[in-house]
Amino acid sequence: MAHHVDPSLKWYQRLLRNPYTWISLAMTLIYAGLLFLVYRSIGNSLIEEVAAVTKEATGSPTVLVWGQINEAYLRVLPLAGATLGCYVLLLIFLDRLRPTTWSMKWMALGWGACAAVFISLIVNTWGGELMKAEGPVDASQGARAAIFSAPFVEEAAKATVLFFIAIAMRRRIVGVHQALTLAALSAAGFAFSENVVYYIRTYLYAVTIYGTDAEAEL
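All values derive from a computational prediction rather than experimental measurement.

Student: Hey, could you go over the overall build of the protein chain for me, with residue numbers and the actual values?
Tutor: For the protein chain, the count of helices and strands is eight helices and zero strands. Seen in sequence order, the protein chain has helices and strands lined up from the N terminus as α-α-α-α-α-α-α-α. Split into buried and exposed, the 218 residues of the protein chain put 36% on the buried side. Of the contacts made within the protein chain by residues no fewer than 6 positions apart, 71% connect residues no fewer than 24 positions apart. Surface summary for the protein chain: the accessible area is close to 12,600 Å², and the carbon and sulfur share equals 68%.

Rendered as structure tokens:
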């Protein structure tokens, strides 16, 4: 996709006439929708898991409400965000060797944090259900999915955005270094969302199941 800039235009006119601006905006809306679906899916999964485990252990299920889940999200987001911020700053610094555009960076980061997570969640959950043993809670289900499904699904989902960017912005990718930077941004975004899931599960399990100090566990 070739884009010729008229130097006589003001910066905001160039921005509005740039097709990548509208592509980035459209992808941002898609990412927001996918992130909301992931947020709801993880919350519903936690509600089901905690209820099943507590019912099996005590005979009386502990039912989480969305207020508790949202509070846990707010507690763990800064922790995952701090790690993401460090990686993004490092990658932006390294990107100066062979710069990519901000729209390319955002598409890669957002894809990893939202789209790749959504795809992996759907496929890994489906694969885990196929490998589930009998009973309300199968402790080995997650391990099976992590071994037989996640390595292939997650890495492929994270890398897919590179093909999209290479097709849409092929004239802007002129070196391997750029592809590595974009791949790392996608991976960092995925790791951020994955860390949120790990942290919130640890936090809520400590509060509702194990009865331990949630802050210490976190």
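Student: Can you lay out the pattern of salt bridges for me, pointing to particular residues and giving the numbers?
Tutor: Inspection of every chain in the model, using the stated rule, returns four salt bridges. In this structure, Glu49 engages Arg201 in a salt bridge whose closest nitrogen and oxygen atoms are separated by 3.1 Å. With Glu49 in helix α2 (residues 19-58) and Arg201 in helix α7 (residues 176-210), the pair connects residues that are 152 residues apart, well separated along the chain. Between Glu155 and Lys158 there is a salt bridge; the shortest N-O distance is 3.2 Å.

Student: Tell me about helix α3 (residues 66-95), and please be specific about residues and values.
Tutor: Between its first and last C-alpha atoms α3 spans 40 Å; for 30 residues at 1.5 Å apiece the expected length is 44 Å, and the two agree. Along its length, α3 reaches its greatest deviation from straightness, about 30°, at Val76, and the proline Pro78 lies no more than four positions downstream. Regarding α3, the residues found buried are Ile69, Ala72, Tyr73, Val76, Ala80, Leu84, Val88, Leu91 and Asp95. In this structure, the buried side of α3 is in contact with α2, α4 (102-130) and α7.

Student: Describe in detail α4, supporting the description with residues and values.
Tutor: For α4, spanning 29 residues, the distance from its first C-alpha to its last is 41 Å, which sits close to the expected 42 Å at 1.5 Å a residue. Where α4 bends most, at Trp111, the angle is about 45°.

Student: If you had to explain the side chain of Ser186 to someone new, which residues and values would you point to?
Tutor: Residue position: Ser186 is located in helix α7. Setting aside anything within four residues of it in sequence, one finds Ser186 in contact with Ala108, Leu109, Trp111, Gly112, Lys158 and Val161.

Student: Describe the packing of α2 against α3, with residues and values.
Tutor: The contact between α2 and α3 brings their axes to 11 Å, and the two run at 120°. Considering their axes alone, α2 and α3 lie oblique with respect to each other. At the point where α2 passes α3, the crossing takes the right-handed sense. Across the interface between the two elements, Tyr39, Arg40, Ile42, Gly43, Asn44 and Ile47 of α2 pack against Trp66, Ile69, Asn70 and Tyr73 of α3. For the contact of α2 with α3, the per-class residue count stands at six nonpolar, three polar and one charged.

Student: With reference to specific residues and values, describe a nonpolar patch on the surface.
Tutor: A cluster of nonpolar side chains, namely Ile119, Ile122, Val123, Trp126 and Leu130, defines an oily patch on the protein surface of about 490 Å² accessible area. Tracing the backbone shows Trp126 in helix α4.

Student: Residue-level account of the side chain of Ser120, with values.
Tutor: Among the secondary structure elements, Ser120 is positioned in helix α4. If near-sequence neighbours (up to four positions away) are discounted, Ser120 is found in contact with Thr125, Val153, Glu154, Ala157 and Phe190.

Student: Lay out the packing of aromatic side chains in plain terms, naming residues and giving numbers.
Tutor: One pass over the full model with this rule turns up five aromatic pairs. Between Phe36 and Tyr39, the ring centres sit 5.8 Å apart and the planes meet at 45°, which makes this aromatic pair tilted. Placement of the pair is Phe36 and Tyr39 together in helix α2, with a separation of three residues, close to one helical turn. Residue classification places Tyr39 among the partly exposed residues on the basis of a relative accessible area of 24%.

So, how was this worked out
Residues numbered from 1 in each chain as written. Predicted model: local features only at pLDDT ≥ 70, side-chain atom pairs only at ≥ 80, totals over all residues. Heavy atoms only, no water. Helix = DSSP H or I, 4+ residues; strand = E, 2+ residues; numbered from the N terminus. Buried < 20%, exposed > 50% of the residue type's maximum accessible area, 1.4 Å probe, protein only. Contact = heavy atoms within 4.5 Å. Areas by Shrake-Rupley, 256 points an atom, 1.4 Å probe, with all protein chains shown as cover. Salt bridge = Lys/Arg side-chain N within 4 Å of Asp/Glu carboxyl O. Expected span 1.5 Å × (residues − 1). Bend = angle between axes of the 7 residues up to and from the residue. Axes fitted to C-alpha atoms, helices over the stretch in contact; angles between N-to-C directions. Parallel < 35°, antiparallel > 145°, perpendicular 65-115°, else oblique. Left-handed = near helix turned anticlockwise from the far one by under 90°. Nonpolar A, V, L, I, M, F, W, Y, C, P; charged D, E, K, R; others polar. Patch = residues over 30% accessible without salt bridge, like charges linked within 9 Å, V, L, I, M, F, W, Y side chains within 5 Å. Phe/Tyr/Trp six-rings, centres within 6.5 Å; stacked < 30°, edge-to-face > 60°.

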